[in-house]
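Examination of the molecular architecture
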Amino acid sequence: MSTRGINFLHRWIANNVPETTKPDAVSISEITHKLFPDAKALGIKREEIDEEVESLYRTLFD
């Protein structure tokens, strides 16, 4: 488990995803393409995020 991964994800969403963003496949794809480079820059691997959420797509959609 990676508390660091889930904490990063929640903070990143709060700081980078406007509440007015439409939850559609294109928006989520764009968000994901920004999320992972930011995580990598902090030394957080994708696996640390993926292991904490059942579905990253669903998490971002919600």
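One structure accompanies this document, and this report is about it. (Residues numbered from 1 in each chain as written. Predicted model: local features only at pLDDT ≥ 70, side-chain atom pairs only at ≥ 80, totals over all residues. Heavy atoms only, no water.)

Here we take up the nonpolar core. Counting residues in each nonpolar core, the largest one holds 15 residues, and the members touching the most others are Phe8, Leu9, Trp12, Leu35, Ile49 and Leu56. Elements supplying a minimum of two residues to this core: helix 1 (3-16), helix 2 (25-41) and helix 4 (56-61). With five residues, helix 2 is the single largest residue contributor to this core. The contacts of leucine 35, once residues within four sequence positions are left out, are Phe8, Leu9, Trp12 and Leu56. (Core = buried A, V, L, I, M, F, W, Y, C linked by side-chain atoms within 4.5 Å. Buried < 20%, exposed > 50% of the residue type's maximum accessible area, 1.4 Å probe, protein only. Helix = DSSP H or I, 4+ residues; strand = E, 2+ residues; numbered from the N terminus. Contact = heavy atoms within 4.5 Å.)

Next up on the list: helix 2. With 17 residues, helix 2 ought to run about 24 Å at 1.5 Å a step, and its terminal C-alpha atoms sit 25 Å apart, in line with that. By the burial criterion, the buried members of helix 2 are Ser27, Ile28, Ile31, Thr32, Leu35, Phe36 and Ala39. Each buried residue of helix 2 sits inside an arc of 155 degrees when the element is viewed along its axis, so together they form one side. For helix 2, the exposed residues set more than 90 degrees away from the buried face come down to Val26, His33, Lys34, Lys40 and Ala41. The secondary structure elements touched by the buried residues of helix 2 are helix 1, helix 3 (46-50) and helix 4. Residue aspartate 24 occupies the N-cap position of helix 2, its side-chain oxygen lying 3.1 Å from the main-chain nitrogen of valine 26. A positive phi of about 80 degrees marks glycine 43, the residue just after helix 2. (Expected span 1.5 Å × (residues − 1). Arc of directions from axis to C-beta. Polar contact = N/O pair within 3.5 Å; in protein donor to acceptor, adjacent residues only side chain to side chain.)

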